[in-house]
Amino acid sequence: MAITLKTTETASTRNPLDLSEIRTRVSHFLSVSDCISCCQVSTDWRRSFNPAVWHSVDFNKHESFLLIPEEVFHKNAHLIRHVQGMGSISQAEKLQHDTINNIQNFTVMLAKVSTFNALCYEVIGRNACNLRSVSIEGPPLVAGEGEGDLALRHFPTSILRAVDSPLHPLQRLILHRVEMTRGAFSMMLQSCPTLSEISLTQVNILSFGQAAHYQHPNVKHLRASVNQAWCPDSSKTSNSLFDHFPNLGKLTFIGNAEPLPVSAGEMQKALHPSYGHMNQVDFQLHDLNITPELLPDVFRGLVKIAHCHDSLSLVTITGVLMHQATLENFHLLSSSGASLYNFEEPLNPEPLLTSKRLVQLIPRSCRKLKVLDIPQHEMDMDHVENEPWMCEEGLCDLRVRIKDLNTMAKIDGCIEAYLTEKRFKKLGLGNYAPQKLHSRDNTPKNLSTKQRVVRFLMRFEHLHALWLGTKVYQF
């Protein structure tokens, strides 16, 4: 009697790409052209990879977008989630279709053409129920603009209202070079209850009479210039933006620095509604250092401070130290905005202060400090070993350069030696006793820079992230 053996496919022999969940996950890491190729494999693959093809439309990169046949476009346009770079009427007209109603992120620069602006606003209004992020930039400023030009900057806030829908998903709003009344601004905030971050630059908010100031309970982060935050109406002195955000926790100053619009005392008074929550301030400013006045006189009890490194000074550090009882995070920002944490070779340190010892005042004074992110600063171990850091018990993230650790090989060798010492310590075999490191006299003169750095790092029991010039090491 013949016996037929029936073989079955097991999980170990099955191709992972046979699973739609895996294909969809893979599609997030492929280029648009690769996803298009994958769509041609089979019907099942097309279902998995087609959403990634249509997810993002950047008119600056996808010049052929306008050439897509209408039949193909209308069949797939409902998959569009991100739109940016729209700059012509023909591009705006391409998006005028009822199936395009699932856009989540929309970025546009308006033009001095009312037809184009109206088409942009129509797209925003049609997608208001799904938008998570909106960025609108008004036309470039030109000297001698007439009233007709200025009228084009008027922002119709009503388009953000999600009509006949319980969903109001907008979380992030960026406005630049537009104009609206204070009442319209309040109505806009009221129509976006889930809004958590708002960025305003060169936005003229006109105040007339006693317009109601709606207080938004969920906005936690405001990005604005100094004048924008305290004097949003360019034509007169009006109430600050802080009246609208009683639960504001983070304030980021952006744009070119400007002279303080009002006295420090008046600025502090205007901040009063947010004082119970305001604990983070980022100074992303250039050209003029205003932080010496703001840090000690306007803010109090800050937990996180970030500052542009090229305007850091002794006076600024003094202002930072006014918050030493509460400060947990201190960051120095790159003036160019470039990332400083992924290099094949360390960068040459940029000039920081006349005396680099000044930066040491922060970790030596701030007992609660957990994150010290100062990649533009090169520490000299001769300075570091003079006095103990008050944050030894809590510091968990350190990003700094070390003098003489100026190649990848030296940095990697130092990190490896540190990790080895940590393993030895767990076994009770460590060589470096932290309690003996606080005095220069207890540091043998014959130790190399690597050995001195390892001895220094062993002080921090909770350190789990370290950057010394090349990449971030996570422990």
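Whatever comes next refers back to the structure up there.
Reference entry: report on the structure contained in this document. A quick note: this is a predicted structure, and the numbers were derived from the prediction, not measured.

1. Some thoughts on helix H8 (residues 182-190)
Taken residue by residue, H8 has Arg182, Ala184, Phe185, Ser186, Met188 and Leu189 as its buried positions. Buried positions along H8 lie against strand E5 (172-176), strand E6 (179-181), strand E7 (197-201) and strand E8 (204-206).

2. A few points about the packing of helix H1 (residues 20-27) against helix H3 (residues 43-54)
Each pair of packed helices can be summarised by the angle the axes make with each other and by the distance between the axes. The geometry of H1 relative to H3 is characterised by a closest axis approach of 9 Å and an angle of 30 degrees between their N-to-C directions. For the element pair H1 / H3, the angle class is roughly parallel. Crossing geometry of H1 relative to H3 is assigned as right-handed. Contact residues: Ser20, Arg23, Thr24, Val26 and Ser27 in H1; Asp44, Trp45, Ser48, Phe49 and Ala52 in H3. Class assignment of the residues belonging to the contact of H1 with H3 gives a composition of four nonpolar, four polar and two charged.

3. Some thoughts on the packing of aromatic side chains
This model, assessed by the stated rule, comprises 12 aromatic pairs. Judged by centre distance (5.2 Å) and plane angle (80 degrees), the rings of Phe456 and Phe460 are edge-to-face. An aromatic cluster is defined as three or more aromatic residues linked by ring pairs; in this entry it consists of Trp230, Phe242, Phe253, Phe283 and Phe299. Directly above the aromatic system of Phe73 lies the positively charged group of Lys94, at a separation of 4.8 Å from the ring centroid.

4. Thoughts on unusual backbone geometry
For Gln202, which is not a glycine, the phi torsion comes out positive at approximately 55 degrees. Not every positive phi belongs to a glycine, and Asp404 is a case in point at roughly 80 degrees.

5. Quick word on the side chain of Arg459
Considering the arrangement of structural elements, one finds Arg459 in the loop between helix H16 (449-457) and strand E16 (465-467). Within the structure, the side chain of Arg459 is placed 3.4 Å from the side chain of Glu392, a separation counted as a polar contact.

6. Digging into the packing of helix H15 (residues 408-426) against H16
The N-to-C vectors of H15 and H16 enclose an angle of 45 degrees; their axes lie 9 Å apart at closest approach. On the basis of the axis angle, H15 is oblique to H16. In this structure, H15 meets H16 at a crossing whose hand is right-handed. Residue-level inspection shows Gly413, Cys414, Ala417, Tyr418 and Glu421 of H15 in contact with H16, the latter providing Lys450, Val453, Val454 and Leu457. The residue inventory of the contact of H15 with H16, partitioned by class, reads six nonpolar, one polar and two charged.

Procedures and definitions
- Residues numbered from 1 in each chain as written.
- Predicted model: local features only at pLDDT ≥ 70, side-chain atom pairs only at ≥ 80, totals over all residues.
- Heavy atoms only, no water.
- Buried < 20%, exposed > 50% of the residue type's maximum accessible area, 1.4 Å probe, protein only.
- Helix = DSSP H or I, 4+ residues; strand = E, 2+ residues; numbered from the N terminus.
- Contact = heavy atoms within 4.5 Å.
- Axes fitted to C-alpha atoms, helices over the stretch in contact; angles between N-to-C directions.
- Parallel < 35°, antiparallel > 145°, perpendicular 65-115°, else oblique.
- Left-handed = near helix turned anticlockwise from the far one by under 90°.
- Nonpolar A, V, L, I, M, F, W, Y, C, P; charged D, E, K, R; others polar.
- Phe/Tyr/Trp six-rings, centres within 6.5 Å; stacked < 30°, edge-to-face > 60°.
- Lys NZ or Arg CZ within 6 Å of the ring centre and 35° of its normal.
- Polar contact = N/O pair within 3.5 Å; in protein donor to acceptor, adjacent residues only side chain to side chain.

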